[in-house]
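Results of the structural survey
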Amino acid sequence: MSAAKKSSGKSNIEMFGDVPILQRKWQAALRPGDRLPRYEDVMLGSLGRLADHIVLLKERGGALAVSQPGRYIQQWLNDDRWDMALSELSPDCATALGEAAANAALNHRPYLATAHCVRDGLVRTYDVLALPTFSRWGGTLIGAYVNERGMQYNLLDTIFAATDEGLLSLAAIRDPRGEPFDFQIVHLNQGAARLLKRPGHELLWQRLSAGESLLSTAEVTERLRETLRRTSGTQFEIESEDRCLRLAVTAFGDLLSLTLSDVTALKRREVSFRLLFENNPMPMWVFDAATMEFLGVNDAAVQHYGYPREKFLSMKLRELWPEDEWASHSKALQEIGDVYHSSRDWRHIKADGSEIHVLTFGRRVSFDGRDGYLVALVDITERRKAEARIAYMAHHDGLTSLANRDFFQDRLREALQRSKSGSKRVAVLCVDLDLFKHVNDSFGHAMGDRLLKQVAERLTADITGNNLAARLGGDEFAIVLCDVTPNEASDFAERLIGTLSARYDIDGMEVVVGASVGIALSPGDGTSSEELMRNADMALYRAKSDGGGVHRFFEHEMDRQAQKRRDLERDLRHAFANGEFELHYQPLVDIASDKISGFESLLRWHHPEKGMISPAEFVPVAEDIGLIVQLGEWVLREACSEAMKWPEEIKVAVNLSPVQFRSRNLVQAVISALAHSGLSPRRLELEITESVFLAETEANLAILHQLRELGVSISMDDFGTGYSSLSYLRSFPFDKIKIDRSFVKDLARRSDCVAIVRAISGLGRSLNITTTAEGVETVDQLDWLRAEGCNEVQGFLFSAARPADEIATLLAGFAGRASKAA
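In what follows, the accompanying structure is described. Every residue gets a number counted from 1 within its own chain, in the order that chain's sequence is written. Side-chain atom pairs in this predicted model are given and counted only at pLDDT of 80 or more, local residue features only at pLDDT of at least 70, and totals for whole chains, interfaces and linings cover all residues. Only hydrogens and water are set aside when side-chain values are computed; all heavy atoms of the structure are taken into account.

**Here's the deal with the overall build of the protein chain**
As a reminder, the rule being used: The numbering of helices and of strands both runs from the N terminus, where a helix is a DSSP run of H or I of at least 4 residues and a strand a run of E of at least 2. Note on contacts: a residue pair qualifies if any of its non-hydrogen atoms lie within 4.5 Å across the two residues. To measure how exposed things are, a 1.4 Å probe is used in the Shrake-Rupley method; for residues, cover is taken only from the protein chains shown.
The secondary structure content of the protein chain amounts to 32 helices and 33 strands. Residue pairs in contact within the protein chain that sit at least 24 positions apart in sequence constitute 57% of those at least 6 positions apart. Of the accessible surface of the protein chain, which amounts to about 39100 Å², a share of 50% is contributed by carbon and sulfur atoms.

Right, dumping it as structure tokens:
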């Protein structure tokens, strides 16, 4: 069981990490009339769940039962079940929980109890704070908060202090006033059981008042209570018909340590020692304090080390140590009293030559008339191996075994520190795989993981000396090169790109990816690990922007562009919070009726210092930082509300970002906008681009179908500019396709533009899909589009996008024919 306070959620640590905080929380949550606070107000953390250190207790059949334990409680109880009686738990936990819960329920107030648990030879002390709460299901729920104190008591020292004496540890049991009235045996050795003439398993966890031993008298209980009050030590004797026992009592908080000595039969102490030593399952031996010869070994030591008993008894302690530690241990032998008076970690050699790690505990004893040391050992070899594995995992990537980000940063800082003395340059290379996402999407993540392992092998093969390669995450890697020139760094990057771009053979399947590299060099590009990493990453971004498969060095212009981008991100967030966005509306004109059929809503940002900023500049940034989801919901609500002011036959079109589809909240946002404004769904058009289908196609198609079921229209924007638009028309029944302005602009001069417009218009007629041409600026273009069968147009010929307060005037001006108004 962990000795540290742990919790999986930060909010729970902040709320339940301290007893006074819990008590204040309970007091603050008291209901009117001083009734019990509600369970939800006290027990649930900010994440709305039960804290790891809380266990809920309820009454069941006249007895207390565990309803729900937190994860820390499950470890404490060594039981992960729910809904079990206290009697099913280990007695040490059950006693403390029962005492705390009973007193809290009786007094209707928090009650703080103490639990003493023995785990692996350690007495661990826990605070158990019981909080009575009101349950909406009826009755009272007791929430018990359990947390370990820092102090622990090692019982091995006590065992070896006097092997012929009985040892007990007693925990005080207090009444509701906090006064000790009884004691419970929480630990005892075989000597104590023998002296009390009762089996150890019957005495363990037994209250003194409920027993029938020499300790079960009112006189003994009173003497123990007095010792506990004084928090000091004392000695007294108790007598029976056939023996006299001397009790040495020491108080440790709520814990009493008792040493029982039978002063009527000194011989029994030798028997007790032999029993403890020879039959102990823990490897033990006695060695001579002067010669270091083994005087005695128990069966457990013989079996664990593999030496025959005769061989063992002919050896000296030094022969168990590896030879490389003989010199260092010689000094330790001179201070043997200090060494074995406390625990110590040693390396030992077994009979088969294998090396183990042991933890030793020892005390000076007299053995067969010779001055020696009694030593007990715990084999911690597997624990050391586990610690080594954990240390390795903490510094290396679990998939590729390359260094992880933290280890890489440490090594980079060390390299930079070394470079200062010799004016040497350190290079940081950020490496990103090109087309890796295609491998994951086409062959699955398992294939992607195997590819990353092979990439790591190639990286490792090219790294020598103090240089280091690391995986930062995903398909991102980094390399630190020590003492290099710019030309050497460039040559290395070129070779690396060639190495990583060579084909990979995975289970007979050929996989090809590329690599892009960004390079930053100290000290010009930075003198700290953070600066170099940031600047190398910016250089990598430039390499990717230049098409990939190349390397780029960091340039300070990149930093300026990055700063400009960061400023834009900051201003965007402020703009949304300050209401700096507004919608303008551009009319859509029906060619057949020559009248306005709707308006497309277009987002505008009026920066307080920079003026109007183009959507082409800020919308991609808003998408990258996730602001487009909130911004898109605002656009939907604003456009629908404004459309309610127009004539009923006029529609409003709203553009959707692919990022809004990833949020999985798009359908609810549309429903909310329609409900808030009261706009009919038939008057709302939602415009998307084919990029919506480039990722998570099935999920996005499902969302589009849900939107169609609401009654809104779906339009494909910028049609004809992508590489697979026709397949999208087959996968989803669009209501409208919009012909991109790039085809409309050159209608009068280029025959291919005419052919494309004609093909799209014909496709629309065949599929019963409305076609809208964008960017119409001249009457000639309008005539061409009318002749080719286009249904709808928009552009500066009719009007630029106008603010909402100009729409009424615009509609009045177009009351007649739109072409005449234009």
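**Here's the deal with the sheet that holds strand β17 (residues 426-434)**
So the rule is basically this: When DSSP finds two or more bridges between two strands, those strands count as paired. Here an axis means a line fitted to C-alpha atoms, over the contact stretch when the element is a helix, while the angle between two N-to-C directions is reported on a 0 to 180 degree scale.
The strand order β18-β19-β17-β22-β23 describes an open sheet built from five strands, whose pairing is mixed. Looking along the sheet, the strands with just one partner apiece sit at the ends: β18 (468-473) and β23 (551-553). Strand-to-strand, the axes of this sheet are offset by a mean angle of 20 degrees, without reference to chain direction. Taken together, the eight bridges between β17 and strand β22 (residues 514-521) define a ladder with antiparallel strand orientation. Among the inter-strand pairings, L429 is bridged to a residue of β22, identified as I519. Where helix α19 (residues 486-501) meets the sheet, it contacts β17, β19 (476-482), β22 and β23, and its direction lies at approximately 165 degrees from that of β22.

**Considerations on the pairing of strand β1 (residues 54-60)**
As paired elements, β1 and strand β2 (residues 63-69) share six bridges and run antiparallel to each other. For E59, the partnering residue across the bridge sits in β2 and is L64. Between the antiparallel neighbours β1 and β2 lie two residues, among them G61 with a positive phi of about 65 degrees.

**Concerning helix α22 (residues 615-624)**
So the rule is basically this: Relative accessibility thresholds used throughout: buried, under 20% of the residue-type maximum; exposed, over 50%; partly exposed, between the two (1.4 Å probe, protein chains only). Our arc is simply the arc of the directions from the helix axis toward the C-beta atoms. Definition of a polar contact: a pair of N or O atoms within 3.5 Å, with one able to donate and the other able to accept a hydrogen when the atoms are protein atoms, and with sequence-neighbouring residues admitted only if both atoms are side-chain atoms.
Among the residues making up α22, those that are buried are F618, V621 and A622. Down the axis of α22, the smallest arc covering the buried residues is 105 degrees, so these residues share one side. Those residues of α22 that are exposed and aimed more than 90 degrees away from the buried face are A616 and D624. Structurally, the start of α22 carries an N-cap: the backbone nitrogen of A616 is 3.1 Å from a side-chain oxygen of S614. Looking one or two residues past α22, G626 carries a phi angle of roughly 85 degrees, positive in sign.

**Regarding the pairing of strand β25 (residues 595-607)**
The element β25 is extensively covered by neighbouring structure, given that 10 of its 13 residues are classed as buried. Pairing of strand β24 (residues 581-590) with β25 involves 10 bridges; the strand directions are antiparallel. Among the inter-strand pairings, V589 is bridged to a residue of β25, identified as I596. Where β24 hands over to β25, the hairpin turn is made up of four residues, of which D594 adopts a positive phi near 60 degrees. In the sheet, β25 pairs with strand β27 (residues 651-655) via three bridges, with the strands oriented parallel. The partner of E600 across the bridge, within β27, is A653. Sheet topology places β25 next to strand β26 (residues 611-613); three bridges connect them, and they run antiparallel.

**A short note on a negative patch on the surface**
Applicable threshold: What goes into a patch is any residue over 30% in relative accessible area without a salt bridge, connected to like charges within 9 Å or, for nonpolar side chains (Val, Leu, Ile, Met, Phe, Trp, Tyr), within 5 Å. Whenever Lys or Arg places a side-chain nitrogen within 4 Å of a carboxyl oxygen from Asp or Glu, that contact is recorded as a salt bridge. Within this scheme the basic residues Lys and Arg register as positive and the acidic residues Asp and Glu register as negative, but His and the chain ends are omitted. Charge placement uses NZ in Lys and CZ in Arg. For Asp and Glu, CG and CD serve respectively.
The grouping of D483, E488, D491 and E494 at the surface amounts to a negative patch. In this fold, D483 is placed in the loop between β19 and α19. For D483, a relative accessible area of 45% corresponds to the partly exposed category.

**Digging into the packing of aromatic side chains**
Definition in use: Ring geometry is summarised as follows: Phe, Tyr and Trp rings, the Trp one being its six-membered ring, pair when their centres sit within 6.5 Å, and such pairs are stacked at plane angles under 30 degrees, edge-to-face over 60 and tilted between the two.
If you walk through the whole model with that rule in mind, you get 15 aromatic pairs. For the pair F599 and W646, a centre-to-centre distance of 5.0 Å together with 55 degrees between the ring planes defines the contact as tilted. On the criterion of sequence distance, the pair formed by F599 in strand β25 and W646 in the loop between α23 (627-643) and β27 is long-range, its members being 47 residues apart. Judged by relative accessible area, which is 0%, F599 ranks as buried. Taking relative accessible area as the criterion, W646 reaches 6% and is therefore assigned buried.

**Digging into empty space enclosed by the protein**
Where empty space is left in the structure can be found by rolling a water-sized probe over the atoms. Condition: Points on a 1 Å grid over protein atoms alone make up a cavity when a 1.4 Å probe fits among them but cannot get out, and a pocket when they form an open set with protein on both sides within 12 Å along at least five of seven lines; lining residues each have an atom within 4 Å of a point. Grid points are joined across faces, edges and corners, and a volume is the space filled by probe spheres set on the points. Amino acids are sorted into nonpolar (Ala, Val, Leu, Ile, Met, Phe, Trp, Tyr, Cys and Pro), charged (Asp, Glu, Lys and Arg) and polar (every other residue, Gly among them).
Per the stated rule, a full pass over the model turns up three cavities of 30 Å³ or more. Each pocket or cavity is described by its volume, and for the largest cavity that value is around 90 Å³. Around the largest cavity sit D92, T95, A96, E99, T114, A115, H116, A171, A172, I173, Q184 and V186, which together line it. Counting residues per element, the ones that place at least two in the lining of the largest cavity are α5 (91-107), β4 (111-119), β7 (166-174) and β8 (180-188). Per-element accounting of the lining of the largest cavity gives the leading share, four residues, to α5. Grouping the amino acids of the lining of the largest cavity by side-chain chemistry returns six nonpolar, four polar and two charged.

**Examining the packing of α23 against helix α25 (residues 666-677)**
We count it as follows: In what follows, roughly perpendicular refers to angles from 65 to 115 degrees, roughly parallel to angles under 35, roughly antiparallel to angles over 145, and oblique to any angle outside these ranges. In this scheme the handedness of a crossing depends on how the near helix is turned from the far one: anticlockwise by less than a right angle means left-handed, clockwise means right-handed.
Direction vectors running N to C along α23 and α25 enclose 30 degrees, while the axes themselves pass 9 Å from each other. For the element pair α23 / α25, the angle class is roughly parallel. Crossing angle aside, the handedness with which α23 passes α25 is right-handed. Residue-level contacts link E633, L636, R637, C640 and S641 of α23 to A669, V670, A673, L674, H676 and S677 of α25.

**As for the layout of surface pockets**
Estimates place the volume of the largest pocket at around 920 Å³. Along the wall of the largest pocket there are 37 residues; nearest its centre are E600, L602, P615, V619 and N655. Every element with two or more residues in the lining of the largest pocket is listed here: β24, β25, α22, α23, α24 (658-662) and β29 (713-719). Residues belonging to the lining of the largest pocket are distributed by class as follows: 15 nonpolar, 12 polar and 10 charged.

**Examining the nonpolar core**
To be explicit about the condition: We call a set of buried Ala, Val, Leu, Ile, Met, Phe, Trp, Tyr and Cys residues a nonpolar core when their side-chain atoms join them within 4.5 Å.
The biggest cluster of nonpolar side chains holds 78 residues, and the ones touching the most others in it are L684, L686 and L707. For this core, the element with the highest residue contribution is α23, accounting for 10 residues. Discounting residues that sit within four places of it in the chain, L684 has contacts with C640, V652, V654, V670, L674, L679, V712 and S713. One finds I463, L481, I497 and I519 within the second-largest nonpolar core, a separate group that totals 33 residues.

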